[in-house]
Structures are given as C-alpha cells and as structure tokens.
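What follows is each chain in one-letter form.
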Amino acid sequence: MRRISVALVLLLALGAAVGCAKVPQEAVSSAKTALDAAKTAQADQYAPDAWTQAQDAQSQLDAELKAQEDKFALFRSYDHSKELAAQVQTKAQEATQAAEAAKERAREEATNLLAEAKSKLAELQTNLDKAPRGKGTAADLAALKSDASGIETSLTDAENAFNGGDFLTAKSKAEAALQSISEIQAQIDAARQAKRGRT
C-alpha cells in the first residue's frame, strides 16, 4: 500500500512537471505579432539596425524553442523562452517606433527637397532660355535642354513615389535631381563667362 502511495505521488509530481513544461504560446504569439507590426511599419527600410536586433532576438527565441523541443519532455523548461519572447516583443516595438519616426523625418525631408528641386528646375529652364547663343552652341544647348527634360521626368517619378508612401525613394530622386540641376547650371554659368571673355 505504501509503495502504491509513493508511486502515486511520483506520478502526480511527474505529471505536474510535464504539465509545467509547455511552450509559452501566448508569449511567442505576442512576439510574432510585434515583429509583424515592425515589418508593416517598414522597419527593415526605415530602421534597419533596430529591425536587425529584433530579428536576431527572434532567431534566439527560435533556437531556444527548438533546443527545448529536442529534449526529453521531463527535462524541458521554457522559462528562458518566455524571457526571449519578451525581448523579441520589446525589440520589435522599438523597431516600429524608430521606423515611424524615421519615416516621418524622410517624409518631411522629401517634401522640402521636392519643393526645392521644382523651384530650381524652373529657374534652370529660364536660364536655359536665356543661355548665350552663338557659333557651335546650338547642339550644346539642345543637349542641356534634353537633360533638363530628363530631370523633370525624374521629379515626376519622385512625386509618384512620395504619393505612394515611398519617401526614401522620393528623397533619393529629389537629391539626384538637385545634383543634376546644379551641374547643368554650372555649364550655363561657364558659357556665360566664356562669352564675357570674348567680348
């Protein structure tokens, strides 16, 4: 009878141990939800460092869950898994916040750059119309006007990217347009200087 009682106690303890060693599904799901939210917020583009940290934390969690799964049921413990899941959630939330802040900054910068590029392009086109003309300049002016037309197309692409919420592309295209405008303007200025030198 005593042996049966001891065996029963051991079985109950064993059952309790096995029952406690369950995958912390709620914590794991919360971590995944937070990571998905960071992805939706485009953290991979706007906050790549924070996104990488969140992904690294997820990789550690996956490895820990796999390690526990490979163990005999009696020896499994998911305490560390819970800690790692909490870290994933925290890192993912930080990535989301960083992405949202960076996206807003990129939106503001793209807005300003697009406005500046449009203004400078209009000024450039006026300067092209007033550019010095003379022997051998027609082909050069035609090439510069063609370049200016290309810049206008690029700015249209930048605006489309902006309207589609791709502020990084819009910003990049606007910066490239400003650089091209500056280069063409430098050529016009050089032509003016050359003409003054001949007069």
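Criteria and cut-off values
Residues numbered from 1 in each chain as written. Predicted model: local features only at pLDDT ≥ 70, side-chain atom pairs only at ≥ 80, totals over all residues. Heavy atoms only, no water. Helix = DSSP H or I, 4+ residues; strand = E, 2+ residues; numbered from the N terminus. Buried < 20%, exposed > 50% of the residue type's maximum accessible area, 1.4 Å probe, protein only. Contact = heavy atoms within 4.5 Å. Areas by Shrake-Rupley, 256 points an atom, 1.4 Å probe, with all protein chains shown as cover. Patch = residues over 30% accessible without salt bridge, like charges linked within 9 Å, V, L, I, M, F, W, Y side chains within 5 Å. Salt bridge = Lys/Arg side-chain N within 4 Å of Asp/Glu carboxyl O. Axes fitted to C-alpha atoms, helices over the stretch in contact; angles between N-to-C directions. Parallel < 35°, antiparallel > 145°, perpendicular 65-115°, else oblique. Left-handed = near helix turned anticlockwise from the far one by under 90°. Phe/Tyr/Trp six-rings, centres within 6.5 Å; stacked < 30°, edge-to-face > 60°. Core = buried A, V, L, I, M, F, W, Y, C linked by side-chain atoms within 4.5 Å. Expected span 1.5 Å × (residues − 1). Arc of directions from axis to C-beta.

S.K.: Please explain the overall build of the protein as it appears in this structure.
M.R.: A count of helices and strands for the protein gives seven helices and zero strands. Residues counted as buried form 30% of the 199 residues belonging to the protein. The contacts in the protein between residues at least 6 apart in sequence include a share of 74% that link residues at least 24 apart. When the accessible area of the protein is evaluated, it comes to approximately 12,400 Å², of which 53% is carbon and sulfur surface.

S.K.: It is not clear to me how a nonpolar patch on the surface should be interpreted in this structure. Could you clarify?
M.R.: Residues Phe-72, Leu-74 and Phe-75 make up a contiguous nonpolar surface patch of about 350 Å² in total accessible area. Counting through the fold element by element, Phe-72 comes out in the loop between α4 (48-69) and α5 (79-129).

S.K.: Help me understand the packing of helix α2 (residues 25-40) against α5 in this model?
M.R.: The relative placement of two packed helices comes down to the angle between their axes together with the axis-to-axis distance. The geometry of α2 relative to α5 is characterised by a closest axis approach of 8 Å and an angle of 15° between their N-to-C directions. Classed by the angle they form, the pair α2 and α5 counts as roughly parallel. The handedness of the crossing between α2 and α5 is left-handed. Between α2 and α5, the residues in contact are Ala-27, Val-28, Ser-30, Ala-31, Ala-34, Leu-35, Ala-37 and Ala-38 and Ala-85, Val-88, Gln-89, Ala-92, Gln-93, Ala-95 and Thr-96, respectively.

S.K.: Got a minute to help me understand the packing of aromatic side chains in this structure?
M.R.: Working definition: an aromatic ring pair is given by the centre-to-centre distance plus the angle between the planes. The full count for this structure, using the stated rule, is two aromatic pairs. Relative to Phe-75, the ring of Phe-72 lies with its centre 6.1 Å away and its plane at 50°, an arrangement referred to as tilted. For Phe-75, a relative accessible area of 60% puts it in the exposed group.

S.K.: Which parts of the structure should I look at to understand the nonpolar core?
M.R.: Side chains of a nonpolar character, in soluble globular proteins, are inclined to be buried together. Counting 39 residues, the largest nonpolar core has Leu-124, Leu-128, Ile-151, Leu-155 and Ile-188 as the members making the most contacts within it. Those elements giving two or more residues to this core turn out to be α2, α3 (43-46), α4, α5, α6 (138-163) and α7 (167-198). Filtering out sequence-adjacent residues up to four positions away, Ile-188 remains in contact with Leu-124, Asn-127, Leu-128, Ala-131 and Leu-144. Within the second largest apolar cluster, nine residues are counted, among which are Ala-31, Ala-57, Ala-85 and Val-88.

S.K.: When you look at α2 in this model, what are you seeing that I'm missing?
M.R.: Helical geometry note: an α-helix holds 3.6 residues per turn, so side chains three or four residues apart project in the same direction. Taking 1.5 Å as the rise per residue, α2 with 16 residues should run 22 Å; its terminal C-alpha atoms sit 22 Å apart, in good agreement. For α2, the full list of buried residues reads Val-28, Ala-31, Ala-34, Leu-35 and Ala-38. Projected down its long axis, α2 shows its buried positions confined to an angular sector of 125°, all on one face. Among the exposed residues of α2, those oriented more than 90 degrees off its buried face are Glu-26, Lys-32, Thr-33 and Thr-40. Residue Gln-42 follows α2 closely and has a positive phi angle near 60°.

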